[in-house]
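# Tertiary structure, described
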Amino acid sequence: MSAATRRLTTAQALVRFLAAQYTERDGVRHRLITGTWGIFGHGNVAGLGQALVEYADVMPYHQGRSEQAMVHAAVGHARQLNRLRVQAVTTSIGPGATNLVTGAALATVNRLPVLLLPGDYFASHAADPLLQQLEHPVEADVSVNDALRPVSRYFDRVTRPEALVASALKAVRVLTDPAETGAVTLALPQDVQAEAHDWPEEFFADRVWHVRRPAPDPEELAEAVRAVRAAERPLIVAGGGVHHSEAEQALKALVDATGIPVASTQAGKGALRHDHPADLGGIGHTGTAVSDELARTADLVIGVGTRYSDFTTASGTLFQRPDVRFLNLNITAFDAHKLAARTLVCDARTGLTALAESLSGHRVDAAYETEYRAGKARWEETVRAAFRADDGAVPTQTQVLGALDAVVGDEDVVINAAGSLPGDLHKLWRARSPRQYHLEYGYSCMGYEIPAALGVQQAAPDTPVWALVGDGTYLMNPTEIVTAVQENLPVKLVLVQNHGYASIGGLSESVGAERFGTDYRHRAADGSFTGAPLPVDLAANAASLGMDVLRAKTVRELREALVAARAATRPTCVYVETAPPSAALPAEAWWDVPVAEVSAREAATNARTAYERSVADRRHHL
């Protein structure tokens, strides 16, 4: 007797399959694919587009304006939900598909799951070349979707209907794997999307994917415990893996018991609440003075869920003690072995809990605790000074953050990704809860913030969600404001106008490039961009896209506008033009941006001299 089958198109079968997938961790079950973003063209309208109409009752659809932005929204959604729930993104063939590449790279760099479903050429080659098809003279099976291969954790082109069964299962395995996850791409030839097939009913049955919490190897754990007990100046570096594993309470329990201080990467900030005595704030190039001072003298650095980017290690110059060693707790062996570390390859929460139990009775020296708590108190004075402002003054960027700090509640989410804001936020922001500080700094992608705010707002509909952007970032990708208005997602946009790429302008000056090409200004008579600021009204632009806009010229007006925005039930923009900072917060650690070795210009030769002094401090940790 033959097994029961159901005749559907490939696209219909895929949608039905995705609607029946679930994750389960710690006994809690979630639907895996919570919805599909889509912009339709000839490459997906009759296949996936028709399937989404057919099964609108089981697969929510979200209309986007930019393919890249749809991926950013899905990534923000997955991060807010601890990678246990995912959104899919479908596009047409051609530019719609290639627009996915930046978003896919961002997802994979940050270890965040998203399912990409771009249309593709005809598998039959019946229409060849079709509109928007890339022809390759010697590789007929290549399409523009192959650009997604290096930025995807799993890629397949489904060239026959029956191939979907194996491919879909492999795709979901990667989406739900805590070590391997990232962007997953199923390229879908448009003729195959619409082709019917008799599918086994079992393919559409509810399927639960257990998200594992692997425990540490006993020998690795014993070695780690010996290393911690022997250390005089241990320092924990908390990365994004603490949040993904929901290990914040396990980290707090370990720290409360042992007194080991915690510094955080951009992705890990909020692992401890800002007012915990052992929370030292950010680490690395954009870190706090107290974190970086301790990092230079630490004899054991305990990385938890971090991939040690160059910002975290100050390009290999931060951890300077001659006998410093590393202990890395990471679910990914690739990251655990960095810096020639002792390893604990395991889930962050499971590993931290095991460490705490095995270290029972151990505590760092009281003098060490007194030292880092005094450093934390000194840095708090720096924060207060940076936030302090007169009501009638034009605010600096750090004073904008101070005004927002005074308005947000513990539940609010603050999103940023690029420009000069990440550095100020990493140094100054007082994270009140694990999800409040949402910085995408693995890819530092301009244009991430607004669409990510939509994804976070969908994941947490009753939570105030703030997207912080400068003018340069805003101009990269404002289009999803229209989506926020369409869906009545009450995101709050703080739009900071400083007339150019402020962060890169400062970097340009420091490396001898003389701020070339970083200001938004008219051309002067000599051809340089040093004329008057461009007469661009970004507030009017946001209003034209449907947002309510509140303009603030002074600190007092800014505070009032932020309070109003937080209470708003519609998408609302607070627009503020900032004054130059009176005393910019200096970097507490170096970052390697190579400087021209030879130049006829004094700015570059001076920068090279400074560069050579700094690069001499780089270390290989072996």
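In the block above lies the structure referred to throughout.
Residues numbered from 1 in each chain as written. Predicted model: local features only at pLDDT ≥ 70, side-chain atom pairs only at ≥ 80, totals over all residues. Heavy atoms only, no water.

### Here we look at the packing of aromatic side chains
So the rule is basically this: Ring pairs are drawn from Phe, Tyr and Trp, using the six-membered ring of Trp, whenever the two centres fall within 6.5 Å, and their geometry is named by plane angle: stacked under 30 degrees, edge-to-face over 60, tilted for the rest. By definition, any uninterrupted DSSP run of H or I lasting at least four residues is a helix, any uninterrupted run of E lasting at least two residues is a strand, and each is numbered from the N terminus. For every residue, the accessible area obtained with a 1.4 Å probe (protein chains only) is divided by the maximum for its type, and the residue is called buried under 20%, exposed over 50%, and partly exposed between those limits. We call a charge positioned over a ring when the NZ of a Lys or the CZ of an Arg lies within 6 Å of the ring centre and within 35 degrees of the ring normal.
Taken as a whole and assessed by the stated rule, the structure comprises 10 aromatic pairs. A ring pair is formed by F311 and Y441, whose centres lie 5.3 Å apart and whose planes are at 65°; its orientation type is edge-to-face. Of this pair, F311 sits in helix α12 (residues 310–313) while Y441 sits in the loop between β19 (437–439) and α18 (449–459), and the two are 130 residues apart along the sequence. For Y441, a relative accessible area of 21% gives the class partly exposed. Taken together, a centroid distance of 4.5 Å and an interplanar angle of 70° make the contact between F311 and W591 edge-to-face. On the criterion of sequence distance, the pair formed by F311 in helix α12 and W591 in the loop between β23 (572–577) and α24 (602–615) is long-range, its members being 280 residues apart. For W591, a relative accessible area of 25% puts it in the partly exposed group. These aromatic residues form a ring-pair network of at least three members: F17, W199, F203 and F204. Over the ring of Y55 we find R16, and its NZ or CZ is 4.9 Å from the ring centre. The ring of Y437 has K269 sitting right over it, with the charged end atom 5.2 Å from the ring centre.

### A look at the sheet that holds strand β2 (residues 21–25)
For clarity, the cut-off: Two strands form a pair only when DSSP identifies at least two bridges running between them. Note on geometry: axes are lines fitted to C-alpha atoms, helical ones only across the stretch in contact, with angles between N-to-C directions running from 0 to 180 degrees.
Taken together, the 3 strands give an open sheet; going across it, the order is β3-β2-β11, and neighbouring strands pair in mixed fashion. Each end of this open sheet is capped by a strand with a single partner; those strands are β3 (28–31) and β11 (207–210). Between one strand axis and the next, the sheet turns by 30° as a mean value, whatever way the strands run. Here β2 runs beside β3; their pairing, made up of 4 bridges, is antiparallel. Residue Y22 lies in a different strand from β3, and its bridge partner there is R31.

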